[in-house]
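Notes for the structure review
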Amino acid sequence: VVVESAIQDSVGKAIQKCALCTKAFRDGTVIVRNREVFISVIVTYKDLYIGRVKENWNSLFKRSFESFCDQKGLTPEDLNLEHVYILSVDTWDMLAAFLARSSESEVLSFFENVALADRDPRTAKYQLDLHLSELKLDLFPDYLRRSFETVFLEIIEKVKRSDP
């Protein structure tokens, strides 16, 4: 119950912020190129295994979000639940690597395919990292790769110097 309450509170507030941003984008308050599809990503430092908000909407978030909508003059439709994801930092790293290597149309196509696949229980994965891994790309983030390579190069140099 304590964990559920904490998730409802912290993730629920992030979902509310996503709705406010989406409304601002749609209304033109904030200028963006494409006002049709908005993908919301909530990054947590823990693996919550929630995946998309849609699958946990009724049990965890619906009641507080509807109350928030009443207070702010929003409607639940201001947020497309198929495009709200809760990610761990590791999944965020994979997504960031994909975003850095992809065009805007490739990113949009990826998220449309994810939403389509997750509508069908036979193809649903519910976790974004599972969809990302299907791309069969090297999604090891560049900033980690550089650190990894640097560390191993230093180790190799130390081993070479200590070798008789």
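As the structure is a computational prediction, the values presented were derived from the model and not from experiment. (Residues numbered from 1 in each chain as written. Predicted model: local features only at pLDDT ≥ 70, side-chain atom pairs only at ≥ 80, totals over all residues. Heavy atoms only, no water.)

Some words on the overall build of the protein chain
- Assigned secondary structure in the protein chain consists of 6 helices and 3 strands.
- Taken across its 164 residues, the protein chain has 34% of its residues classed as buried.
- Long-range pairs, those at least 24 residues apart, make up 74% of the contacts in the protein chain with a sequence separation of at least 6.
- Here the protein chain has roughly 10700 Å² of accessible surface; of this, 55% comes from carbon and sulfur atoms. (Helix = DSSP H or I, 4+ residues; strand = E, 2+ residues; numbered from the N terminus. Buried < 20%, exposed > 50% of the residue type's maximum accessible area, 1.4 Å probe, protein only. Contact = heavy atoms within 4.5 Å. Areas by Shrake-Rupley, 256 points an atom, 1.4 Å probe, with all protein chains shown as cover.)

Overview of the packing of helix α3 (residues 89-101) against helix α4 (residues 104-119)
- Packing of α3 against α4 brings their axes to within 8 Å, and their N-to-C directions diverge by 135 degrees. By the angle between their axes, α3 is oblique relative to α4. Contacts from Leu 95, Phe 98, Leu 99 and Arg 101 in α3 reach Glu 106, Val 107, Phe 110 and Phe 111 in α4.
- Broken down by class, the residue content of the contact of α3 with α4 amounts to 6 nonpolar, no polar and 2 charged. (Axes fitted to C-alpha atoms, helices over the stretch in contact; angles between N-to-C directions. Parallel < 35°, antiparallel > 145°, perpendicular 65-115°, else oblique. Nonpolar A, V, L, I, M, F, W, Y, C, P; charged D, E, K, R; others polar.)

With respect to the confidence of the model for the protein chain
- Averaged over all residues, the pLDDT of the protein chain equals 78, while 81% of them reach at least 70.
- When mean pLDDT is taken per element in the protein chain, α4 scores highest with 87 and strand β2 (residues 51-52) scores lowest with 67. (pLDDT = per-residue confidence, 0-100.)

Examining the nonpolar core
- Formed by 18 residues in total, the largest nonpolar core has its most connected members in Ile 15, Val 53, Phe 61, Phe 65 and Leu 79.
- Here this core takes 6 residues from helix α2 (residues 57-72), the largest share from any one element.
- Once residues lying within four places of it in the same chain are set aside, the contact partners of Ile 15 are Ile 42, Val 53, Trp 57, Phe 61, Phe 65 and Leu 79.
- By size, the runner-up hydrophobic cluster in this structure holds 10 residues, among which are Tyr 85, Leu 95, Val 107 and Phe 110. (Core = buried A, V, L, I, M, F, W, Y, C linked by side-chain atoms within 4.5 Å.)

Things to note about the pattern of salt bridges
- Tallied over the full model, the rule gives 3 salt bridges.
- The partner of Asp 120 in a salt bridge is Arg 122, and the shortest N-O contact between them spans 2.8 Å.
- A relative accessible area of 21% means that Asp 120 is categorised as partly exposed.
- On the basis of relative accessibility, which here comes to 74%, the residue Arg 122 falls in the exposed class. (Salt bridge = Lys/Arg side-chain N within 4 Å of Asp/Glu carboxyl O.)

A few points about the packing of aromatic side chains
- Counted according to the given criterion, the structure contains 4 aromatic pairs.
- Look at Tyr 85 and Phe 111: their rings are 5.5 Å apart centre to centre, the planes differ by 50 degrees, and that puts the pair in the tilted class. Here the residue Tyr 85 occupies a position in strand β3 (residues 84-88), and Phe 111 occupies one in helix α4, the gap between them amounting to 26 residues.
- With relative accessibility at 2%, the residue Phe 111 sits in the buried group. (Phe/Tyr/Trp six-rings, centres within 6.5 Å; stacked < 30°, edge-to-face > 60°.)

Looking at the environment of Val 107
- One can find Val 107 in helix α4.
- Overall, the relative accessible area of 15% leaves Val 107 in the buried class.
- For the pair formed by Val 107 and Leu 95, sequence separation is 12 residues and the distance between their alpha carbons is 9.8 Å.
- Val 107 has contacts with Phe 98, Leu 99 and Ser 102, leaving out every residue within four places of it along the chain.

Overview of the side chain of Thr 22
- Relative to the elements of secondary structure, Thr 22 occurs in helix α1 (residues 2-27).
- Once residues lying within four places of it in the same chain are set aside, the contact partners of Thr 22 are Phe 38, Ser 40, Asp 78 and Leu 79.

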